[in-house]
Amino acid sequence: MITVSRKAHFNAAHRLYRKDWSDQKNAEVFGKCSNPNFHGHNYELIVSVTGNIDVETGFVIDMKVLKDLIKNKIENALDHKNLNIEVAEFKNLNPTAENIAVVIWNKLRPHIDASQKLEVVLYETPRNFVSYSGVH
Ligand code: NI
């Protein structure tokens, strides 16, 4: 098994909060990320596909296919969006880096061969990042 990875990027705004909590509790738990006026991040995404090398093509997955998949399913859906307001998945889901990574993984998984492993790494800041490979 060998892993190929593609880097991508999107900018998005969010606010971390729970509707069922008071503004004060939201501020205590989520700090500056609970600013009612939202704030943005430059998200960096690394999508990795692990599988066998196809004997005919020499590829695990065609990088052009992976690039277009990320562009069409992720960047078009999330780039320059307010995640809380404009992205259906976050209508009732806090747009933390963890939850965004899971949403991205769920959007991509149906388009990756079932025999291959998919991993999503999402950087919310250069120092803070999360990884998700699905439920094992
Ligand atoms: Ni934030």
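None of the values given here were measured: they were computed from a predicted structure. (Residues numbered from 1 in each chain as written. Predicted model: local features only at pLDDT ≥ 70, side-chain atom pairs only at ≥ 80, totals over all residues. Heavy atoms only, no water.)

Novice: Hey, could you run me through unusual backbone geometry in this one?
Specialist: Apart from glycine, the bulk of residues carry a negative phi angle, and the bulk of peptide bonds sit in the trans form. The phi dihedral of phenylalanine 38 is positive, around 70°, even though this residue is not glycine. As for its position among the elements, phenylalanine 38 is in the loop between α1 (23-30) and β2 (39-51). On the basis of relative accessible area, phenylalanine 38 is assigned to the partly exposed category, the value being 25%. For histidine 80, which is not glycine, the phi torsion reads 60° and is therefore positive. Position of histidine 80 relative to the elements: it lies in the loop between α2 (63-78) and β3 (81-82). (Helix = DSSP H or I, 4+ residues; strand = E, 2+ residues; numbered from the N terminus. Buried < 20%, exposed > 50% of the residue type's maximum accessible area, 1.4 Å probe, protein only.)

Novice: Just checking my understanding: could you explain the coordination of the nickel ion for this structure?
Specialist: The protein atoms donating to the nickel ion are His14 (NE2), Cys33 (SG), His39 (NE2) and His41 (NE2), with metal-donor distances spanning 2.1 to 2.6 Å. Around the nickel ion, the four donor atoms are arranged such that angles at the metal cover 92 to 135°; this shape is classified as tetrahedral. The sequence motif formed by the donor residues of the nickel ion is H-x18-C-x5-H-x1-H. Summarising the burial analysis for this pair, histidine 39 and histidine 41 share the class buried. (Donors = N, O, S within 2.8 Å, 3.2 Å for Na, K, Ca; no water. Tetrahedral: all angles 85-135°; square planar, octahedral: opposite > 155°, others 65-115°.)

Novice: Please explain the pattern of salt bridges as it appears in this structure.
Specialist: Any two side chains of opposite charge can pair, so long as their charged atoms come close to each other. According to the stated counting rule, one finds three salt bridges in the structure shown. Note that lysine 64 is salt-bridged to aspartate 68, the shortest N-O span being 2.8 Å. Here lysine 64 and its partner aspartate 68 are both found in helix α2, four residues apart, which amounts to about one turn of the helix. By relative accessible area, aspartate 68 is classed as partly exposed at 29%. Here glutamate 89 makes a salt bridge to lysine 107, at a shortest N to O gap of 3.2 Å. Linking glutamate 89 in the loop between α3 (83-86) and α4 (97-108) with lysine 107 in helix α4, this pair joins segments that are 18 residues apart in sequence. The class for glutamate 89 is partly exposed, based on a relative accessible area of 35%. (Salt bridge = Lys/Arg side-chain N within 4 Å of Asp/Glu carboxyl O.)

Novice: Honestly, the layout of surface pockets in this entry has me stumped. Any pointers?
Specialist: If a probe the size of a water molecule is rolled over the atoms, the empty space left behind becomes visible. Of the voids in this model, the largest pocket is the one considered here, and its volume is about 220 Å³. Surrounding the largest pocket, 13 residues form its lining, Tyr17, Lys19, Lys91, Asn92 and Leu93 being those nearest its centre. (1 Å grid on protein atoms, 1.4 Å probe; cavity = no way out; pocket = protein on both sides within 12 Å on 5 of 7 lines; lining within 4 Å. Points joined across faces, edges and corners; volume = space filled by probe spheres on them.)

Novice: What am I meant to see in the sheet that holds β2 here?
Specialist: The strands that make up a sheet pair up through hydrogen bonds in the backbone, lying either parallel or antiparallel. Overall, mixed pairing links the five strands, which are arranged β3-β1-β2-β4-β5 in an open sheet. The open sheet is flanked by β3 and β5 (129-132), the only strands paired with a single partner. Judged from the four bridges that link them, strand β4 (residues 117-123) and β5 form a sheet pairing that is antiparallel. The residue of β5 that forms the bridge with tyrosine 123 is phenylalanine 129. Contacts from α2 reach β1 (2-14), β2 and β3 within the one sheet, and its direction differs from that of β1 by about 20°. Sheet strands touched by α4: β1, β2, β4 and β5. Its angle to β4, the strand with the most contacts, is close to 145°. (Pairing = 2+ DSSP bridges. Contact = heavy atoms within 4.5 Å. Axes fitted to C-alpha atoms, helices over the stretch in contact; angles between N-to-C directions.)

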